[in-house]
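So the chains spell out like this:
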Amino acid sequence: MILRTDEPSTAMTPAPTRRLGVVRSGQPGPTLMITAGLHGNEPAGVIAVRRFLETFSGSEPGFIGEIAAFCGNVGASLAGKRYLDHDLNRRWSRERMMGLALAGPSDRDREDDEQLALSREIDDTMARARGPVYFLDLHTTSAAGYPFSMIADHPEQRVFALRFGLPIILGLLGQIDGVLLEYLRLRGCICLGIEAGQHDRSSSIDHHLAALRIAVVAAGLLPGDSIPSILDASQDTLRRARGELPLLMRVEDRHGIRPDDEFRMEPGFANIERIEKGQLLARDRKGEIRARESGILFMPLYQGLGDDGFFTGQALATDIE
Ligand SMILES: [Zn+2]
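Note that the structure is a prediction, hence the values are computed from the model and not measured. (Residues numbered from 1 in each chain as written. Predicted model: local features only at pLDDT ≥ 70, side-chain atom pairs only at ≥ 80, totals over all residues. Heavy atoms only, no water.)

**A word on helix α4 (residues 110-127)**
Working step 1: Look at α4: 26 Å from first C-alpha to last across 18 residues, which is about the 26 Å you get at 1.5 Å a residue.
Working step 2: Among the residues of α4, Glu111, Asp112, Glu114, Gln115, Leu116, Leu118, Ser119, Glu121, Ile122, Thr125 and Met126 are the ones counted as buried.
Working step 3: Buried positions along α4 lie against β1 (19-24), β2 (31-36), β3 (66-71), α2 (74-79), α3 (94-102) and α6 (180-186).
Working step 4: Sitting at the head of α4, aspartate 109 places a side-chain oxygen 3.1 Å from the backbone nitrogen of glutamate 111. (Helix = DSSP H or I, 4+ residues; strand = E, 2+ residues; numbered from the N terminus. Expected span 1.5 Å × (residues − 1). Buried < 20%, exposed > 50% of the residue type's maximum accessible area, 1.4 Å probe, protein only. Contact = heavy atoms within 4.5 Å. Polar contact = N/O pair within 3.5 Å; in protein donor to acceptor, adjacent residues only side chain to side chain.)

**Overview of the coordination of the zinc ion**
Working step 1: Of the protein atoms, only His39 (ND1), Glu42 (OE), Glu42 (OE) and His139 (ND1) coordinate the zinc ion, at distances of 2.1 to 2.4 Å.
Working step 2: Viewed at the metal, the 4 donor atoms of the zinc ion are separated by angles of 55 to 144 degrees, and the geometry they form is irregular.
Working step 3: Sequence spacing of the donors to the zinc ion: H-x2-E-x96-H. Each member of the pair, histidine 39 as well as glutamate 42, is classed as buried. (Donors = N, O, S within 2.8 Å, 3.2 Å for Na, K, Ca; no water. Tetrahedral: all angles 85-135°; square planar, octahedral: opposite > 155°, others 65-115°.)

**Thoughts on the packing of α3 against α4**
Working step 1: Where α3 meets α4, the axes come as close as 10 Å, and the angle between the chain directions of the two elements is 105 degrees. In this view, α3 runs roughly perpendicular relative to α4, as classed from their interaxial angle. Two secondary-structure elements touch here, α3 through Arg96, Met97, Leu100 and Ala101 and α4 through Asp112, Gln115, Leu116 and Ser119.
Working step 2: Tallied by class, residues from the contact of α3 with α4 come to 4 nonpolar, 2 polar and 2 charged. (Axes fitted to C-alpha atoms, helices over the stretch in contact; angles between N-to-C directions. Parallel < 35°, antiparallel > 145°, perpendicular 65-115°, else oblique. Nonpolar A, V, L, I, M, F, W, Y, C, P; charged D, E, K, R; others polar.)

**Regarding the nonpolar core**
Working step 1: Core analysis: the largest hydrophobic core is formed by 52 residues, its most contacted members being Ile34, Val49, Ile67, Leu136, Phe160 and Phe164.
Working step 2: Residue contributions to this core peak at 10 residues, all from helix α7 (residues 202-218).
Working step 3: With residues near it in sequence (within four places) discarded, isoleucine 34 still touches Val49, Ile67, Ala68, Ala69, Phe70, Phe135, Leu136, Leu138 and Leu212.
Working step 4: In terms of nonpolar packing, the next biggest core, distinct from the first, is built from 35 residues, Ala68, Trp92, Val133 and Leu245 among them. (Core = buried A, V, L, I, M, F, W, Y, C linked by side-chain atoms within 4.5 Å.)

**Things to note about the layout of surface pockets**
Working step 1: In this structure, the largest pocket encloses a volume near 1,200 Å³.
Working step 2: Looking at the largest pocket, it is lined by 42 residues, and the ones nearest its centre are Arg82, Thr141, Ser142, Glu195 and Met299.
Working step 3: Here the residues of the lining of the largest pocket sort into 20 nonpolar, 14 polar and 8 charged.
Working step 4: When residues are assigned to domains, the lining of the largest pocket turns out to be shared by domain 1 (19-242) and domain 2 (250-315), each giving three or more. (1 Å grid on protein atoms, 1.4 Å probe; cavity = no way out; pocket = protein on both sides within 12 Å on 5 of 7 lines; lining within 4 Å. Points joined across faces, edges and corners; volume = space filled by probe spheres on them. Domains from an automatic or database assignment.)

**Here's the deal with the sheet that holds strand β12 (residues 287-290)**
Working step 1: Here 3 strands make up an open sheet; going across it, the order is β9-β11-β12 and the pairing antiparallel. Of all strands in the sheet, those with a lone pairing partner are β9 (264-265) and β12, marking the two edges.
Working step 2: Bridge analysis of strand β11 (residues 280-284) against β12 gives 4 bridges, and the strand direction is antiparallel. Its bridge partner being in β12, aspartate 284 is matched across the sheet by glycine 287. (Pairing = 2+ DSSP bridges.)

**Quick notes on the domain arrangement of the chain**
Working step 1: Once the domains are mapped, the chain shows domain 1 (19-242) and domain 2 (250-315).
Working step 2: Every contact between the two is made by 12 residues of domain 1 and, on the other side, 10 residues of domain 2.
Working step 3: It is Tyr146, Ile169 and Gln175 in domain 1 that bury the most area against domain 2; as a group they hold 41% of the surface buried on that side.
Working step 4: The tally of links from domain 1 across to domain 2 stands at 1 salt bridge.
Working step 5: The salt bridge involving arginine 250 is made with aspartate 153; its shortest N-O contact spans 2.8 Å.
Working step 6: Counting every contact that joins domain 1 to domain 2 gives 3 residue pairs in polar contact (both at pLDDT 80 or more).
Working step 7: Taken together, the residues of the side of domain 1 that touches domain 2 break down into 6 nonpolar, 4 polar and 2 charged. (Buried area = accessible area lost by both parts, 1.4 Å probe. Salt bridge = Lys/Arg side-chain N within 4 Å of Asp/Glu carboxyl O.)

Structure below.
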C-alpha cells in the first residue's frame, strides 16, 4: 500500500464547543446529523466539519432540511485524549440513557456528563426533523492505513454508504457493544461511520471533508447538480484513497486472542488487505496461523492492547463498481 507522508496539521483551534454548527433551511427536508470528536484524540473530524460549515451558508440554491453537527466529547477533545474516564462510544443504549438522566451528578463521571449533553442535542435534532435523519460519525485511527466506512449489515443502510466510494465494511459494528451508530440506527437513522485515516494526517481531514460534501447530496439536502465539480472532486478523493480495494466487504470471522497466547502478527499487512488461502498471517505459542480461505484481512493487531488479533471476511458484489 502507498501511504502519503504529509506533515501533521491537525491542531484544533479554536477549542471545540458542543455545537459545531446548525444550518436549517426554510424548506422541509432530510436532516444530516454529524458527530466528530466522539474520541477526543481525533481532531480531524472536528476540523473538517468546521471547514465544511465555513463554505456552506445555507443559502445554496435547492438546499432543504437541516445540517446539525456536534462535537462528541468536548472535555476529552480539549485534553487531546481519547477519553477522560471511560470510552464515550461504548455505552449507548435506551436503558442506560434513562438511567443516566435519573442519576445524580455525584453518580456520573465526566463521560456520563458528555453523553447526557450530546444525547440532548441528538434528541432535539431528531425531534425537530422534518424528514429522514441521516447520521455521520467521524473518526480516525492510531495506525496508518486505508480510510474506510462502517455500516450495519442491513439493506437500507447500504444505499447511502455506496454513494461515498470508500471501502464499506459490514459486520464490524456488530463486534462492539454500545456504539452510537447502532443506537441511532435502532432509532431509525440511516447511519455511516467513517474512519478517515491516521489521527494527525492532513489527508484524514481531506477525506472527512470529501465525505461531508458527498453526504449533503447523498442525503438529499442539496441537488447533485448544484455542486457538480465539488461533488466530482470529493468522490475522486475517496475513490483514489480506496485504491484497488473492493467497495463492499463483510467481516465473517474474528481471531480472538488472550495475553498468554503470545500472538504476533506477521509484519507488513495493511489495515485492509486481500489474502490467499494458506497464507501465513500470524504466529502464537502453538505455531503458525494461516488463512483458512482466500478473502480479506481486516484490522491486524500491531500495536496497543486488545483481544482482537485480526478479522477475516469476503468482498461482496455490488452493481455499481
Ligand atoms: Zn474514534
